[in-house]
Amino acid sequence: MVKSGITLAFAVFAVGLGREPVLQHGGPENTIPAGIVSGTVTLESAPRARRTVDRYSGSTATVMEQSLSAIVYLKGTIPGPVPVGYDSNPTMSQQDSAFVPSTLAVMAGGTVSFPNGDALFHNVFSYSGPKHFDLGRYPQGDSKSVVFDEPGLVEVFCEVHDHMAGAILVTENPFHAVVSEDGSFSISGVPPGEYTLVAWHPEHDEEERTIAVTDGATTHIEVELQR
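Below you will find a few notes about this structure. (Residues numbered from 1 in each chain as written. Predicted model: local features only at pLDDT ≥ 70, side-chain atom pairs only at ≥ 80, totals over all residues. Heavy atoms only, no water.)

**Some points on unusual backbone geometry**
Cis peptide bonds are those with omega within 30 degrees of zero, and the linkage from Val100 to Pro101 qualifies with -5 degrees. Within the secondary structure, Pro101 sits in the loop between strand 10 (99–100) and strand 11 (103–107). Residues other than glycine seldom take positive phi values, yet Asp96 does so here, at roughly 55 degrees. With respect to the element layout, Asp96 can be found in the loop between strand 9 (93–94) and strand 10. A relative accessible area of 66% places Asp96 in the exposed class. (Helix = DSSP H or I, 4+ residues; strand = E, 2+ residues; numbered from the N terminus. Buried < 20%, exposed > 50% of the residue type's maximum accessible area, 1.4 Å probe, protein only.)

Here it is as structure tokens:
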């Protein structure tokens, strides 16, 4: 839900660039009209520390809740080719008792792998509306995967370690990007047209903006998300 009265830093402009190659479903690489959406997302406040209980060791400690990254994506169904290099089978590892990366996006129908890289048992589960699953406990070196069929937010947790939390945003199209630590993002291979862009973060109010993408140009956006 977007908070009323929020001041949003927002700018859009186009810069001429070369056309982006895209890949047709099952077809060869070719050059067709496409643009880029890039920019920055800043957050009003950083994650807070909270008390957690580590069920594996039985200890109680103050753990900084793992920071979840923002995601930027284009809303709705977008027909046409898939961008070159799009990963329909991303990985969310269990490493150092954390989900790495803590946030990712995948188009509906994609598969996410959950390898365990720690020398202890982990578990991955979710009770989120778009996808319910429980992979059970499994040891270092094992990996399990889940197909995400329905768009929406899927929050993932580890039954063994309370402080472990991740988020998977399942989108209707492949035009999305996880925002980097420096706040930057880039979405390439976007067909020309008018779209609704969404900037999302689990601890802030998401923002929607209408943008126009043109062939061979970059649409630049700057967004500040408020709590």
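**What to know about the side chain of Thr171**
One can find Thr171 in strand 17 (residues 165–171). When residues no more than four places from it in sequence are discounted, the contact partners of Thr171 are Tyr73, Val106, Met107, Ala108, Pro151 and His176. (Contact = heavy atoms within 4.5 Å.)

**Description of the sheet that holds strand 21 (residues 207–213)**
What holds strands together in a sheet is hydrogen bonding between their backbones, with the strands either parallel or antiparallel. The antiparallel open sheet is built from four strands, whose spatial order is 18-7-20-21. Taken across any chain shown, the strands that pair with only one partner, and hence form the sheet edges, are strand 18 (176–178) and strand 21. Neighbour-to-neighbour, the strand axes of the sheet open up by a mean angle of 20 degrees, direction not taken into account. When strand 20 (residues 193–200) meets strand 21, the two strands line up antiparallel, connected through seven bridges. Directly across from Gly193, in strand 21, lies its bridge partner Val213. (Pairing = 2+ DSSP bridges. Axes fitted to C-alpha atoms, helices over the stretch in contact; angles between N-to-C directions.)

**Considerations on the pairing of strand 17**
Of all seven residues making up strand 17, seven are buried, and the element is well covered by its neighbours. Neither face of strand 17 is open: one carries Ala165, Ala167, Leu169 and Thr171, the other Gly166, Ile168 and Val170, and all of them are buried. Sheet topology note: the strand 11/strand 17 ladder contains five bridges and is parallel. Bridged to Ala105 within strand 17 is Leu169.

**Focus on the pattern of salt bridges**
Within this structure, the stated rule accounts for five salt bridges. When the shortest N-O distance is used, the salt bridge between Lys75 and Glu208 registers 2.9 Å. Residue Lys75 is located in the loop between strand 7 (71–74) and strand 8 (82–83), and its partner Glu208 is located in strand 21; the two are separated by 133 residues in the primary sequence. Owing to a relative accessible area of 42%, Lys75 belongs among the partly exposed residues under this scheme. Ionic pairing is found between Arg209 and Glu207, a salt bridge with its closest N-O pair at 3.8 Å. Given the relative accessible area of 29%, Arg209 is considered partly exposed. Note on Glu207: relative accessible area 4%, which makes it buried. (Salt bridge = Lys/Arg side-chain N within 4 Å of Asp/Glu carboxyl O.)

**Comments concerning the packing of aromatic side chains**
One pass over the full model with this rule turns up four aromatic pairs. With centroids separated by 6.1 Å and ring planes inclined at 35 degrees, the aromatic side chains of Phe114 and Phe133 adopt a geometry described as tilted. Taken together, the residues Phe114 in strand 12 (residues 110–115) and Phe133 in strand 14 (residues 131–138) connect sequence positions 19 residues apart. Assigned by exposure class, Phe114 and Phe133 land together as buried. Ring centres 5.9 Å apart and planes at 40 degrees place the aromatic pair Phe125 and Phe157 in the tilted group. Here the residue Phe125 occupies a position in strand 13 (residues 122–128), and Phe157 occupies one in strand 16 (residues 152–157), the gap between them amounting to 32 residues. On the basis of relative accessibility, which here comes to 32%, the residue Phe157 falls in the partly exposed class. Among the aromatic residues, those joined into a cluster by ring pairs are Phe114, Phe133 and Phe148. (Phe/Tyr/Trp six-rings, centres within 6.5 Å; stacked < 30°, edge-to-face > 60°.)

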